[in-house]
Amino acid sequence: MERVIFVEVLDRRNQVSARTRITGFPATIGRAYECDVLLDDRYVDPVHARLLMDDDGALVLEDVGSQNGTRDMSSGDPISRAVVRSGMVIRAGDTRLRLVEPGHPVPAALREPRGAGLAMGLRRPALAWSVVLAGSMVLVTGGWLGSVESDWFTELMAGVVIVLMLLALWAGAWAFASRIFTGQARFMAHLAVAVGTTSALTLAGWLQGYLRFLWPGGTVWELAGFVVTAAVLMMMIHSHLSLTGALGSRARRFAAGAVAIVFAAVMHSDVSSGFGLFSGGLEYDGNLSSVAASAAATVSMDELLEAATEMRLDVDSLAAEPRR
């Protein structure tokens, strides 16, 4: 029966970068072109080690007097001659090799991420970088439109850098999860999802501000803002989960929806805006937007005076009530 052994070259992440099938013995390992396993490593001798069959039919690894030696990575001990064990990892020069027999067990297949077409498209670096750059421009523009200080540039850039750093930490956490479940981090894809979501929420905030300015109606716009925020956050969580491949399609949708509703409720709750019920100033939580005068909602002077008179009568009646 033909004896077979596979010699795998491992990279820094313990992933296989090259694999050689050996069927004839003795077989040589080294830097010389005549070797059966050719290594591109200046710390490896032209002929560094060899694989051969001993008198008992066992496969043996033998160092042939190399400059930097051969070591067993499980124990760290140098090897001059050792019986090969399937799966054993050795170090020749600066290269790690794994010796594997055909019957060696292999791990189960990883789950391939599916769904969320845009999220899957973000695995392409060009698209991911485009989304990150476009989203960064939206954040810069939003900060510029909302700036009122004379040194707006320094404050703006500092704010944008802080936001991007926080988004990078968020993306890094998801990339770590992707590394566990799929074997690939996909950091740029996760960062593109985070930056894209933040810029989408920024654009939605601009639109809501204009609409509230043109057609005042707090309850309607708050409800619309909640729905839009929940939808955008759901897309974000679903995209992250799709890139990690950790859950099935239904579970991803359920988890994304539940988390998005909770986050949107917190973002739009009255608790997050403060606890004060009374103040000495006029409260207005919208932005003054640059629109044509004809587009802004206005009232006549008579209507304004009538409303002010009614408000004063209400205040006077409250002041006249006896204290309890």
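Residues numbered from 1 in each chain as written. Predicted model: local features only at pLDDT ≥ 70, side-chain atom pairs only at ≥ 80, totals over all residues. Heavy atoms only, no water.

Novice: If you had to explain unusual backbone geometry to someone new, which residues and values would you point to?
Specialist: Looking along the chain, the bond that leaves phenylalanine 25 and enters proline 26 is cis, with omega of 5°. Checked against the element boundaries, proline 26 lands in the loop between β2 (16-22) and β3 (27-30). The backbone phi angle of arginine 186 is positive, close to 55°, even though this residue is not glycine. Along the chain, arginine 186 turns up in the loop between α3 (152-182) and α4 (187-214). (Helix = DSSP H or I, 4+ residues; strand = E, 2+ residues; numbered from the N terminus.)

Novice: Any chance you could break down the packing of helix α2 (residues 125-145) against α4 for me, citing the residues and the numbers?
Specialist: Where α2 meets α4, the closest approach of the two axes is 8 Å, and the angle between their N-to-C directions is 35°. The chirality of how α2 crosses α4 is left-handed. Residues Ala128, Trp129, Val131, Val132, Gly135, Ser136, Val138, Leu139, Thr141, Gly142 and Leu145 of α2 form the contact with α4, whose participating residues are Met188, Ala189, Leu191, Ala192, Val195, Gly196, Thr198, Ser199, Thr202, Leu203 and Trp206. Within the contact of α2 with α4, the residues separate by chemical class into 14 nonpolar, eight polar and no charged. (Axes fitted to C-alpha atoms, helices over the stretch in contact; angles between N-to-C directions. Left-handed = near helix turned anticlockwise from the far one by under 90°. Contact = heavy atoms within 4.5 Å. Nonpolar A, V, L, I, M, F, W, Y, C, P; charged D, E, K, R; others polar.)

Novice: Run through a nonpolar patch on the surface, naming residues and quoting values.
Specialist: Residues Val259, Val262, Phe263, Val266 and Met267 make up a contiguous nonpolar surface patch of roughly 440 Å² in combined accessible area. Mapped onto the fold, valine 262 is located in helix α6 (residues 249-267). (Patch = residues over 30% accessible without salt bridge, like charges linked within 9 Å, V, L, I, M, F, W, Y side chains within 5 Å. Areas by Shrake-Rupley, 256 points an atom, 1.4 Å probe, with all protein chains shown as cover. Salt bridge = Lys/Arg side-chain N within 4 Å of Asp/Glu carboxyl O.)

Novice: Go over α6 with me, naming the residues and quoting the values.
Specialist: Side chains that are three or four residues apart share a direction in an α-helix, a result of its 3.6 residues per turn. Across its 19 residues, α6 extends 27 Å between first and last C-alpha, which sits within 8% of the 27 Å expected from 1.5 Å per residue. Within α6 the residues assigned to the buried category are Arg252, Ala256, Gly257, Ala260 and Ala264. Along the axis of α6, the buried residues cluster in a sector spanning 125°; they form a single face. Residues of α6 that are exposed and angled more than 90 degrees away from the buried face: Arg250, Phe254, Val262 and Val266. (Expected span 1.5 Å × (residues − 1). Buried < 20%, exposed > 50% of the residue type's maximum accessible area, 1.4 Å probe, protein only. Arc of directions from axis to C-beta.)

Novice: Describe the sheet that holds strand β4 (residues 37-38), naming the residues involved and giving the relevant values.
Specialist: If you walk across this open sheet you meet the five strands as β4-β3-β5-β6-β8, and the pairing is mixed. Single-partner strands in this sheet number two, and they are β4 and β8 (81-83). (Pairing = 2+ DSSP bridges.)

Novice: Would you mind going over the pairing of strand β6 (residues 59-63) in detail, with residue names and values included?
Specialist: Where burial is concerned, most of β6 is hidden: five out of the five residues are buried. Both strand β5 (residues 49-53) and β6 contribute to a ladder of five bridges, which runs antiparallel. Opposite alanine 49, over in β6, you have aspartate 63 as the bridge partner. Here β5 folds back onto β6 in antiparallel fashion, the turn holding five residues, of which glycine 57 has a positive phi close to 85°. Two strands pair when backbone bridges link them, and β6 and β8 are joined in this way by three bridges, in the antiparallel orientation.

Novice: Describe in detail the pattern of salt bridges, supporting the description with residues and values.
Specialist: All told, the structure shown has nine salt bridges when counted by the stated rule. Where arginine 12 meets aspartate 94, a salt bridge forms, and the shortest distance between an N and an O atom there is 3.1 Å. Here the residue arginine 12 occupies a position in the loop between β1 (5-10) and β2, and aspartate 94 occupies one in the loop between β9 (88-92) and β10 (95-100), the gap between them amounting to 82 residues. We note a salt bridge from arginine 81 to glutamate 62, for which the minimum N-O separation is 2.9 Å. Of this pair, arginine 81 sits in strand β8 while glutamate 62 sits in strand β6, and the two are 19 residues apart along the sequence.

Novice: Describe the sheet that holds strand β7 (residues 70-72), with residues and values.
Specialist: Ordered in space as β2-β1-β10-β9-β7, the five strands form an open sheet in which the pairing is antiparallel. The open sheet terminates on both sides in strands that have one partner only, identified here as β2 and β7. For this sheet, the mean angle separating the axes of adjacent strands, direction not counted, is 25°. Of the strand pairs in this sheet, β7 and β9 are connected by three bridges, and their pairing is antiparallel. Each residue of the ladder has a partner; that of threonine 70, found in β9, is alanine 92.

Novice: How would you sum up the confidence of the model for the chain? Please name residues and give values.
Specialist: On average, residues of the chain score 82 in pLDDT, and 83% of them are at 70 or above. For residues 271-282, every residue scores under 50 in pLDDT, and the model assigns this stretch two contacts once sequence neighbours within four places are set aside. (pLDDT = per-residue confidence, 0-100.)

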